[in-house]
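Survey of secondary and tertiary structure
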Amino acid sequence: MALKKYVATRLVTMFGVLMITLLLTISLVGSNMDTILKQGVVFQVRAEITEDPSIANSFASSEEFEEFVQNQIDQRIETLGLDEPWYSPQRIGLTMYKILLLDFGNATFLTSDSGSSDVKEIILEKLPRTILLFTTATIIISVIGIFLGALSGSKVGSVIDKITSSFAIISSSFPVWWIGMLMIFLFAFVYQIFPARATPPIPSSDPDYIISLLYHMTLPLITIVMIGFGAWAYLVRNFMVGIMQEDFIMSKKIMGISKKKIIYRHALKNAAPPIVTILALSLSGSLGGAIITEAVFDWPGMGRLYFEAITVMDLPIIIGATYILTVFFLISIFIADLLYGYFDPRVRTGQ
Amino acid sequence: MSSISPQEIKNEFTKSKMGIAGISILAILITISIVAIVTIPSETFSGWNNPGNWISYPKVAIPGWVNLFLIEKIPEHKILDEPIEKIETSGQISVISHQFGFNFDYDDFPNDFIYEFSAKYSGAPLLEIVVIRPDGVQLELLSTSLPNSKSETIHTERIFSTDESIRKKLVLQSNKFGFSLGKLSSEDIIFSQAENHQPLKGNYVYLINLYGVESQNEIPKSNLIIGGKAFGIMGTDELRRDLAVGLLWGTPLALFIGIVVAIASVTMGLIYGVYAGYKGKKTDEVLMRFNDVIYALPALPFLIILSVTISNSIFLMIGFLTIFGWVGVAKVSRSMALQIKTRGYIDAAEMMGQKKSKIIFRHILPQLLPYAFASIAISVPAAITTEAGLSFLGLGDPSFPTWGQILHDANVYGAASRGLWWWIMPPGMMIAITGLAFVFIGNALDVIINPKLRR
């Protein structure tokens, strides 16, 4: 019963956060969006009128003609509902309703590889690539991290522990994207093994595309893993150090159970709840970090899309991508919360 | 956690190698900051993005110290601005001569040379440029008259080595060379050995003579630039900027951003969390829900949108970073406050009728100070790397060039795939070292506060 209530509260909070995020995004870009939409209408109306020379000829003076054009523009703006400011409840409500149904409209400048300017299609094309790169990286990172962490956590003060800990501390202060630049310098300039730009040169319809994509993925993948696993190992190590001091581990040691068995069977099992929770969180966190990393490697995913959209102020894409990123982020926080509540009963009873 | 006195923390800290290392790095960084602020005028730094300021510097020049490790020396960029001045007058004719002497000891020809000057004269004086080479050969480069002016005027000009009349003059003197001058550029001719086309090492003298008739002429500004491929301690970038200036000035900026954001967000989180934990009940519930909302906002996309739509001013950026920085601290300090609340002396204080604000500030907050200091130290690198990341995306404040902005430019000009390591390595190293100093300090404190980690 308590778990159900816990899940329900979390769900409501998450939905609230999603709405607030949307509202914030819209209010931040709203006034810009308004001007762009209105300019679009003006452009469209003028284009339609100049297409038909007979309209212009039917006016005696140019002032009258200008007045007519202005009227047409005002009418169009009114029918589209743009005469009301962007912060009017109806317009915000309508925009949010559309976005909730994943209707992001058309992009202003950017297109997908296949040439579509539908924001949903663009995002659907880019999202799998980001998931491919970052999820693979996170999984590799967590596997290396857990083993290394368990190993050094069980041998506090040993050489491997010292190396792991210092590597973790040092790597945590290096920006991933800078290491990315160094890796490009090293493996694309000094030793020309990997390409400097991670976008495959062949179209996505080509059968070799997947292979090419994987080859281009290697350099970013190595970089992300290299910078990431240290922090993981350190985290797992610290959990392990705590657990290895617990009485039940001590008693197992006295009972003569082999050390390996204690580490992997008993200690790691007890460290699992926080580890799983952090795994869920870092999966989503990696998506957020993708923006800069993808910009460095020119990886054709969500992060680069977001960055490109910001540079040219393509608002529908900015809103759409923010929404999708937030949804992913919230889902993983939600899962992390649930796991935490499931593993640790104190949380869900609110003590 | 709370049983450690400040004195004990200090003692433990001075024993920790990591803590000492962190403090030492920090001291070095602070020294660098002071040196930067004192020695480099702020105009140089605020003109970072103004190409006009860097016109006499070389393009993508490698750091000068690289020559120490090379057998074939790369020509260094020389900016000569202190000529030896001689003024002679004989009858009606007066001559001002500026002499630039320099040692050219490299195994490659210079890129170019530029003579920039401003002359104060009346009439139409004659400007003559002559080079005296180490082998005694004298080459005439130019003799031209400055634009005629009846009244006294100031004329500013840059004479480039690509000037066609210089080349023509040199070709006329081709009998001094044992090889065909062909299509060689003027600097390749001037700095070449007479017999074969190899760089000639030694002391060169550039002689600039200004002949005037019946007038008092002056050359108030006179610089000779010998364009090289190596420059200064840190080299230059594609836009000719001296990277040493950017790197030095980046230090106080990064420290300022990091420390201000860290202190602001930890203070905010601490007070927020303690207040929620101490008040409890409905207040706690509402405050923590709000905390959850901020926690669930994706920080980087929001920071990007904020800096694009509102402003990329560095001070606002510090505010934005703080908005996303206090959440974690608030959560932890709330749970700590919950623990402390149950202790006897808080009850006692309440029973004595002390004000709630006094209880929070007198009895609860001081207990959390060690944790607060550790969190400040740990938050600094995050703030610095986030700002660097935003700058890297091109969203930095253009009037304050940070390390992230240097890396942004490096990325835009493809420095990594062009092998311009001196443009990429130092800014990133500085970011990493600065972060490391605080990580060291934070970890050392953390070990003292959570003895479990030490065992």
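All values reported here derive from a predicted model rather than from experimental measurement.

Here we look at the nonpolar core
Generally speaking, a soluble globular protein has its nonpolar side chains buried in company with each other. Core analysis: the largest hydrophobic core is formed by 170 residues, its most contacted members being W177 and Y306 of chain A together with I304 of chain B. The next biggest cluster of nonpolar side chains, apart from the first, holds 38 residues, and it includes F102, F109, A119 and Y206 of chain B.

Here's the deal with the side chain of T326 of chain A
Inspection of the secondary structure assignment puts T326 of chain A in helix α12 (residues 315-343). Once residues lying within four places of it in the same chain are set aside, the contact partners of T326 of chain A are L18 and T21 of chain A together with P298 of chain B.

Focus: helix α2 (residues 17-39) of chain B
Residue and element names in this part refer to chain B. For α2, which comprises 23 residues, the first-to-last C-alpha distance of 33 Å matches the rise-based estimate of 33 Å (1.5 Å per residue) to within 8%. Looking only at α2, the buried set comprises G19, G22, I25, L26, L29, S33 and A36. Contacts from the buried residues of α2 go to α1 (6-15), α6 (243-279) and α15 (421-449).

Side note on the packing of aromatic side chains
Applying the stated criterion across every chain, the model contains 29 aromatic pairs over all chains. On the basis of an interplanar angle of 70° and a centroid distance of 6.3 Å, the ring pair of F187 of chain A and F194 of chain A is categorised as edge-to-face. Ring geometry for W65 of chain B and F69 of chain B: centres 6.3 Å apart, planes at 85°, overall edge-to-face. The class for W65 of chain B is partly exposed, based on a relative accessible area of 36%. Residue F69 of chain B is classed as exposed on the basis of its relative accessible area, which comes to 65%. Through successive ring pairs, a cluster of aromatic residues spans F102, F104, Y106, F113, F191, Y204 and Y206 of chain B.

Some details on the sheet that holds strand β4 (residues 112-123) of chain B
Residues and elements named next belong to chain B. Taken in spatial order, the four strands line up as β1-β9-β4-β7 in an open sheet, and their pairing is antiparallel. Two strands in the sheet have a free side with no partner beyond their single neighbour: β1 (78-80) and β7 (149-160). Adjacent strand axes in the sheet meet at a mean angle of 10° when their direction is disregarded. Pairing geometry for β4 and β7, over nine bridges, is antiparallel. Looking across to β7, one finds that A119 is bridged to H155.

Observations concerning the domain arrangement of chain B
Split into domains, chain B comes out as domain 1 (6-47 + 242-454) and domain 2 (76-227). When each unit is reduced to the centre of its C-alpha atoms, the spacing between domain 1 of chain B and domain 2 of chain B is 55 Å.

Regarding unusual backbone geometry
At D298 of chain A, a position not held by glycine, the phi torsion is positive, near 60°. Here D298 of chain A shows up in the loop between α10 (259-297) and α11 (302-312). The backbone of V60 of chain B shows a phi angle near 25°, a positive value even though the residue is not glycine. Position of V60 of chain B among the secondary structure elements: in the loop between α3 (42-46) and β1.

Examining the pattern of salt bridges
Scanning the model with the defined rule gives 15 salt bridges over all chains in all. Here R304 of chain A and E308 of chain A are joined by a salt bridge, their closest N and O atoms 3.4 Å apart. Here E308 of chain A and R304 of chain A lie together in helix α11, a separation of four residues that amounts to about one turn. With a closest N to O distance of 2.6 Å, D409 of chain B and R241 of chain B form a salt bridge. Linking D409 of chain B in helix α13 (residues 403-412) with R241 of chain B in the loop between β9 (218-227) and α6, this pair joins segments that are 168 residues apart in sequence. As far as the burial class goes, D409 of chain B and R241 of chain B line up, both buried. One salt-bridge network, held together by shared partners, links D298, R304 and E308 of chain A.

A word on the interface of chain A and chain B
Note on interface size: it is often stated as the accessible area lost on association of the parts. Contacts between chain A and chain B engage 49 residues on the former and 46 residues on the latter. Summing both partners gives a buried area of about 4,100 Å² for chain A against chain B, and 79% of it is carried by carbon and sulfur. Looking at the side of chain A facing chain B, the largest losses of area belong to L28, W178 and M181 of chain A, adding up to 15% of the total buried there. At the boundary of chain A and chain B, one finds zero salt bridges. Scanning the region where chain A abuts chain B turns up four residue pairs in polar contact (both at pLDDT 80 or more). Elements supplying a minimum of two residues to the side of chain A that touches chain B: α1 (2-51), α6 (159-172), α7 (176-190), α8 (209-244), α10, α11 and α12 of chain A. In terms of residue count, α1 of chain A provides more of the side of chain A that touches chain B than any other element does, ten residues in total. Considering only residue class, the side of chain A that touches chain B consists of 34 nonpolar, twelve polar and three charged.

Reading guide: rules and limits
Residues numbered from 1 in each chain as written. Chains lettered and ligands numbered in written order. Predicted model: local features only at pLDDT ≥ 70, side-chain atom pairs only at ≥ 80, totals over all residues. Heavy atoms only, no water. Core = buried A, V, L, I, M, F, W, Y, C linked by side-chain atoms within 4.5 Å. Buried < 20%, exposed > 50% of the residue type's maximum accessible area, 1.4 Å probe, protein only. Helix = DSSP H or I, 4+ residues; strand = E, 2+ residues; numbered from the N terminus. Contact = heavy atoms within 4.5 Å. Expected span 1.5 Å × (residues − 1). Phe/Tyr/Trp six-rings, centres within 6.5 Å; stacked < 30°, edge-to-face > 60°. Pairing = 2+ DSSP bridges. Axes fitted to C-alpha atoms, helices over the stretch in contact; angles between N-to-C directions. Domains from an automatic or database assignment. Salt bridge = Lys/Arg side-chain N within 4 Å of Asp/Glu carboxyl O. Buried area = accessible area lost by both parts, 1.4 Å probe. Polar contact = N/O pair within 3.5 Å; in protein donor to acceptor, adjacent residues only side chain to side chain. Nonpolar A, V, L, I, M, F, W, Y, C, P; charged D, E, K, R; others polar.

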